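Now for the letters of each chain:
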Amino acid sequence: MDWWDPTIAVAGLLVGVVVGLTGMGGGALMTPVLVFFFGVPPLAAVSSDVVASFFMKPIGGLVHLRRGTVHLGLVKWLCVGSVPGAFAGVLLLRLIGSGGDLQGLLLVALGAVLVLASLAMAAKAWFRLRERARRRARGVREAVEPRPTAVPVHRAATALVGAGGGLVVGMTSVGAGSLMIVALLLLYPSLKAGQLVGTDLVQAVPLVASASLGHILFGDFTLGLTGSILIGAIPGVWLGARVSSHSPGSLVRRALAVVLLASGTKLLGASTGMVLVIVVAALVGGTAAWGFVRVRYGEAPLAFQQRRRRARTGTGGDVTSTAQAG
């Protein structure tokens, strides 16, 4: 590959826009795009995507640090596990060997993580829906966010979450922004969504730095591939973030969950027909099930119906969170 590939840069731009719109990690999208549409070997796709993420992660982390939505104590203990875990993930790939066996293992691992990431997105939406219902039950219209430092840290459990997340990121480039968030939601239910996202973004910087060093030393890092991703992704993230307040973020996230599920099952070896069946079931059955769950928690079946309901009743405090969580 030359020093850059314009088609990969365009793909990076599109992925960057989606990342800016939704706040999700780009590895869950960019790595399968490189494998499926550009025929990049899985190890080279993972290595280059991890290194590209190192240049993108600090942007969001700095924003959250300025806003005070980062639990630095939590960041420290996550890094205790994630930094060595990420490097260990790359070393594990190195120990497995090279050639067809390694590439095949990476495809299976990536497929499994993408399926888990899709399920994690659904779980995160459910946690937010439950939190809104609890606020309504307490008569609280707006979410009042306590200072993150007021929440005590479960050191051993947090370091374990970091180690597991780091290992997955080091091996597949996916997981820092999806799987770890759900684990943190379970460990720290009192932290608000913005605080969890901010904390995760900041701890992801040393995590990805460790994984990047490992992939540069032992992986299949390609400067031209990484540069092509960054040329498109950096302006894409900025553009997506600029228009995020005017976009149907919940709809984009649902579509992404289905895309990740389809990509993951295909990487795991499912036939095209089976993938289509899964996609249709997720679109039809998933939409119906999510509408039922929303009604059980006292909200309208669809997010835009809930926004209209709140506009009519004048209880606008939760409109933003409703639009974000869907």
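Reading the values: rules and limits
- Residues numbered from 1 in each chain as written.
- Predicted model: local features only at pLDDT ≥ 70, side-chain atom pairs only at ≥ 80, totals over all residues.
- Heavy atoms only, no water.
- Axes fitted to C-alpha atoms, helices over the stretch in contact; angles between N-to-C directions.
- Helix = DSSP H or I, 4+ residues; strand = E, 2+ residues; numbered from the N terminus.
- Parallel < 35°, antiparallel > 145°, perpendicular 65-115°, else oblique.
- Left-handed = near helix turned anticlockwise from the far one by under 90°.
- Contact = heavy atoms within 4.5 Å.
- Salt bridge = Lys/Arg side-chain N within 4 Å of Asp/Glu carboxyl O.
- Buried < 20%, exposed > 50% of the residue type's maximum accessible area, 1.4 Å probe, protein only.
- pLDDT = per-residue confidence, 0-100.
- Phe/Tyr/Trp six-rings, centres within 6.5 Å; stacked < 30°, edge-to-face > 60°.
- Nonpolar A, V, L, I, M, F, W, Y, C, P; charged D, E, K, R; others polar.
- 1 Å grid on protein atoms, 1.4 Å probe; cavity = no way out; pocket = protein on both sides within 12 Å on 5 of 7 lines; lining within 4 Å.
- Points joined across faces, edges and corners; volume = space filled by probe spheres on them.

### Some words on the packing of helix α7 (residues 179–187) against helix α8 (residues 193–218)
Here comes step 1: Packing of α7 against α8 brings their axes to within 10 Å, and their N-to-C directions diverge by 130°. Taken together, the axes of α7 and α8 are oblique relative to one another. α8 is crossed by α7, and the crossing has right-handed handedness. Where α7 abuts α8, its residues M180, I181, L184 and L185 lie against L196, V197, D200, Q203 and L207.

### Topic: the pattern of salt bridges
Here comes step 1: On inspection of all chains with the given rule, the structure shows three salt bridges.
Here comes step 2: In this structure, R132 and E299 form a salt bridge, with 2.9 Å as the shortest nitrogen-oxygen distance. Residue R132 is located in helix α5 (residues 100–137), and its partner E299 is located in the loop between α11 (272–296) and α12 (303–313); the two are separated by 167 residues in the primary sequence. Each member of the pair, R132 as well as E299, carries the same accessibility label: buried.

### Some remarks on the confidence of the model for the protein chain
Here comes step 1: Residues at a pLDDT of 70 or more form 86% of the protein chain, whose mean pLDDT is 82.
Here comes step 2: Low confidence marks residues 316–326, where pLDDT is under 50. Its contacts with residues over four positions away, or in another chain, come to 34 contacts.

### Quick word on the packing of aromatic side chains
Here comes step 1: Enumeration over the complete set of coordinates arrives at three aromatic pairs.
Here comes step 2: Relative to F55, the ring of F54 lies with its centre 5.5 Å away and its plane at 75°, an arrangement referred to as edge-to-face.
Here comes step 3: Taking relative accessible area as the criterion, F55 reaches 46% and is therefore assigned partly exposed.

### Observations concerning the packing of helix α4 (residues 72–96) against helix α6 (residues 155–172)
Here comes step 1: Following both chains from N to C, one finds α4 and α6 inclined at 35°, their axes separated by 6 Å at the closest point. Between α4 and α6 lies a crossing of right-handed hand.
Here comes step 2: Its residues assigned to classes, the contact of α4 with α6 comprises 14 nonpolar, eight polar and one charged.

### A word on empty space enclosed by the protein
Empty space among the atoms can be located by rolling a probe the size of a water molecule over them.
Here comes step 1: By the definition in use, this model includes one cavity of 30 Å³ or more.
Here comes step 2: Considered as a void within the structure, the largest cavity measures approximately 30 Å³ in volume.
Here comes step 3: For the largest cavity, the full set of lining residues is K124, R128, I181, L185, A193, L196 and V197.
Here comes step 4: Secondary-structure elements contributing two or more residues to the lining of the largest cavity are α5, α7 and α8.
Here comes step 5: Of all the elements, α8 adds the most residues to the lining of the largest cavity, at three residues.
Here comes step 6: Of the residues assigned to the lining of the largest cavity, the class counts are five nonpolar, no polar and two charged.

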